[in-house]
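Survey of secondary and tertiary structure
Spelled out, the chains give:
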Amino acid sequence: MKNRLLNFFILCCCVHLSSYAMVSPTYVDSIVMRDGKKIAVDIYIPDGGSGAVYSTVLIQTPYNRQAYRLSGLPLYGSNLSSCPYAYVIADWRGFFGSMAANVNGYDRGKDGYDLVEWIATRSWSNGKIGTWGPSALGKIQFQTAKTQPPHLVCCIPLVASPQFEYREYYPGGVYRTEYVEQLDALGFGLSLVVDPYPTYDLAWQYFIEPSGWYPDSIEVPMFMIGGWYDHGTIPILAMHQALRTSAAVAVRNQQYLMMGPWAHGGFGPVQVGSAQQGELYYYEALGWSDSLARLFFAFYLNGTDSSWYTSVPHVQYFQMGTNVWNAAESWPTADVTPYRLYLHSGGNLNPYVPQSIGDINVLSYDSKDPSPTIGGATLRPDLDQGPYDQAPIVESRSDVLKFSTVVLTQDVVMKGKAVVHLFVSCDRKDTDYAIRLTDVYPDGRSMLLADGIRRLRFRDGYSAADTASAVPGSVYEIVIELADVANTFLTGHSIRVDVSSSNYPRYDCNLNNGLAMYTAGDSLIATSNIYLNPTFASYVELPLVDFVGGMDEGVNEISHLQLVPNPASDEVVVYFNSESNNRMLRVLNNNGACVFEHNLRKGEKSLKIDTNSWPSGMYYLHDGEQSIKFIITH
């Protein structure tokens, strides 16, 4: 009963009870499925007079169809007389009014097929059916489309994709604690499926994952709507890309994607399409998901507005920071280049490879007192969703390392995945490394953009064969991939990377003992070294657009180096205004790779460098203490 009440509460919030008034179904029915079981439905038909026929929006929900009687119809509210569509809202088999229809392991896509074709036979139906719904209501749209019912015309899945992937439940090899707990609380019983398989082995590779990957079976246009703060960003983007290349040829060019500044929603004020997201407000995105959904249905279901097909791009995405909508043909966009920002002792984050040989930062982690989850891509109702300030609670603790750029002197535009490369050693056989990427505001707020994690034993892969205990003192490279995001770090802001060994309860706490995961055992304190030197240079790779600097304030105050000309073409001359004292001079390109080095001899006053063969672009001259930026143009 507790779980059912929670389901009802979540759906009521999801469809914005405060926005709509009550609406009554035209009639209630039980539809017989192919196996003889009955699915309960509420049917809403506009009063268009005798003989009127309508296109229909089908919604299939595990959260009680009757909730819509209180909240109103999605996209159109409670004014049924002005609604251009009939609505059929069905309870999933095994849930609420369809509880008696439960059959373990039944393919819900077959129910979707049967419901679509039943609607097409009704006297009030014109034979055109579209589907709509978020989360679980979105996933079942893919399952229905896979069965290819003849009268299904189009689909609008929100914050949903059909995949059932290892990385969804074990990102970086780490169990998503609160996510699975909440799915279990909602009655899906996912822990029974995922808990027995903590490594990426045959069950995932040949049975579980293939069941959710079928872009080549989709034969209808889809308008996928996702959010940068949602927990399903990566699979949503992957599925849209696959549909553009693998869906039925006739509809490959009719696959659309909208990515807004939204979290998953489900409770409280944070919803897809709402202005408030965590502690931030995005008024420029308010209502866009509903507006575009209505336009999509108008074109595909009613043929009343051709502007969708003529003017709506395949990809629309919201660039946070500048808070504008952009258009693209695909994601990731073609205008990004990966740039490295290196982690330095003292908490600096900049484009220069560290030069001090022995620099490390020490990270301590006690699983009995983990770094807490504050906002982000969460699902459990007792946790906050979306962008929250990490400074007061997370960054004030002693178990996190902060690395920040200087205050930016120009906007830095990011589009895509941040990937962190840490060089680490640990005094235990296993531990985790958790990353939070934040946008630091001028007032000191450190607003979360994305996070990720990686388990040390899975540094070489996620199968059982890949798993290896760490040897204390040995240095390993750990690669941590964060979810995609589109954000502009504005002038006056800073970019920050937080490094810890936990983010709980978003991710499971590693006991650090190296034993079998998720079983009892001693909880040990782990101490890690994060390496920040030329041999083991930890860095974050960001996909940036036209990055030309803006991170040099406090770094470019050169007192003993001068470089002319700048910009340069075929050569530059470096002048040394003080004793060189056998210092190493290096030139790095914009990716952080060394393209030139020279050991300055004592008394050396100048050096000519041939740059004729270097590609045009930004370069950085530094001697281990001070740096200067210059440009090569040919």
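Residues numbered from 1 in each chain as written. Predicted model: local features only at pLDDT ≥ 70, side-chain atom pairs only at ≥ 80, totals over all residues. Heavy atoms only, no water.

Topic: the sheet that holds strand 24 (residues 561-564)
Spelled out, the test is: Following DSSP output, two strands are said to pair if at least two bridges run between them. Strands here mean DSSP runs of E at least two residues long; helices mean DSSP runs of H or I at least four residues long; both are numbered from the N terminus. Orientation is described by lines fitted to C-alpha atoms, with helices fitted over the stretch in contact, and by angles between N-to-C directions that extend from 0 to 180 degrees.
Judged by pairing direction, the sheet is antiparallel, and its 3 strands sit side by side in the order 24-25-28 without closing on themselves. Strands with a single pairing partner mark the edges of an open sheet, and in this sheet they are strand 24 and strand 28 (606-610). Across this sheet, the average inter-strand angle for adjacent strands is 20°, counted without regard to direction. In the sheet, strand 25 (residues 571-576) pairs with strand 28 via 5 bridges, with the strands oriented antiparallel. Residue pairing across strands places Val 574 opposite Leu 607, the latter belonging to strand 28.

Observations regarding helix 3 (residues 108-120)
As a reminder of what qualifies: By this rule the span expected of a helix is its residue count minus one, scaled by 1.5 Å. Buried means the residue's accessible area, taken with a 1.4 Å probe over protein chains only, is under 20% of the maximum for its type, while exposed means over 50%, and partly exposed covers the values in between. Residues adjacent in sequence count toward polar contacts only when both atoms are side-chain atoms; beyond that, a polar contact is any pair of N or O atoms within 3.5 Å, and within protein one must be able to donate a hydrogen and the other to accept it.
The end-to-end C-alpha separation of helix 3 is 19 Å, in line with the 18 Å expected for 13 residues at 1.5 Å each. Burial runs high along helix 3: 10 of the 13 residues are buried. One side-chain oxygen at the N-terminal end of helix 3 lies 2.9 Å from the backbone nitrogen of Gly 109; it belongs to Asp 107.

Observations regarding the packing of helix 3 against helix 4 (residues 136-146)
What describes two packed helices is the angle between their axes and the distance between those same axes. For clarity, the cut-off: By the definition adopted for this analysis, an angle is roughly parallel if under 35 degrees, roughly antiparallel if over 145, roughly perpendicular if from 65 to 115, and oblique otherwise. Here, two residues are considered to be in contact whenever any of their heavy atoms come within 4.5 Å of each other.
With their axes 7 Å apart at the nearest point, helix 3 and helix 4 run at an angle of 75° to one another. Between helix 3 and helix 4, the crossing angle belongs to the class labelled roughly perpendicular. Along its contact with helix 3, which presents Arg 108, Gly 109, Gly 112, Tyr 113 and Val 116, the element helix 4 presents Ile 140, Gln 143 and Thr 144.

Considerations on the nonpolar core
Rules: Throughout this description, the term nonpolar core refers to a set of buried Ala, Val, Leu, Ile, Met, Phe, Trp, Tyr and Cys residues connected via side-chain atoms within 4.5 Å.
If you look at the biggest cluster of nonpolar residues, it comprises 133 residues, and the most contacted ones within it are Phe 297, Leu 422, Tyr 433 and Ile 495. Once residues within four sequence positions are removed from consideration, Phe 297 is found in contact with Val 57, Leu 75, Tyr 85, Gly 130, Thr 131, Trp 132, Cys 154, Ile 156 and Asn 302.

Some points on the sheet that holds strand 5 (residues 125-134)
Strand order in the open sheet formed by 10 strands is 1-2-4-3-5-6-7-8-11-12, with mixed pairing between adjacent strands. Of all the strands in the sheet, just strand 1 (27-32) and strand 12 (324-328) have a single pairing partner and so form its edges. Across this sheet, the average inter-strand angle for adjacent strands is 20°, counted without regard to direction. Bridging between strand 6 (residues 152-158) and strand 7 (residues 222-227) involves 2 bridges; their strand directions are parallel. Of the residues in strand 7, the one forming a bridge with Leu 158 is Ile 225. Helix-sheet contacts for helix 3 involve strand 1, strand 2 (38-44), strand 3 (54-61), strand 4 (86-91), strand 5 and strand 6, and the interaxial angle to strand 3 is about 155°. Contacts from helix 4 reach strand 3, strand 5, strand 6 and strand 7, with the element oriented near 135° to strand 5.

Some thoughts on the side chain of Asp 230
To be explicit about the condition: Residues scored as positive are Lys and Arg, those scored as negative are Asp and Glu, and His as well as the terminal groups of each chain are ignored. The term salt bridge refers to a side-chain nitrogen of Lys or Arg lying within 4 Å of a carboxyl oxygen of Asp or Glu.
Tracing the chain through its elements places Asp 230 in the loop between strand 7 and helix 9 (233-246). Buried and unpaired, Asp 230 has Arg 176 as its nearest opposite-charge partner, separated by 7.3 Å. Polar side-chain contacts of Asp 230 include one of 3.2 Å to the backbone nitrogen of Gly 232. A distance of 2.7 Å separates the side chain of Asp 230 from the side chain of His 264, its partner in a polar contact. Discounting residues that sit within four places of it in the chain, Asp 230 has contacts with Val 159, Ile 236, Trp 262, Ala 263, His 264 and Ala 377.

Details of the confidence of the model for the protein chain
To keep it simple, the criterion reads: Each residue carries a pLDDT value, the predictor's own confidence for that position, ranging from 0 to 100.
Per-residue pLDDT for the protein chain has a mean of 91; in total, 94% of the residues score no lower than 70. Of the regions scoring below 50 in pLDDT, residues 1-20 engages in 51 contacts with residues more than four places distant in sequence or in other chains. Scored below 50 in pLDDT, residues 553-559 shows 15 contacts in the model against residues more than four places distant or in partner chains.

A closer look at the environment of Pro 235
Relative to the helices and strands, Pro 235 resides in helix 9. For Pro 235, a relative accessible area of 13% gives the class buried. The spacing of Pro 235 and Pro 543 is 308 residues in sequence and 19 Å in space, taken between C-alpha atoms.

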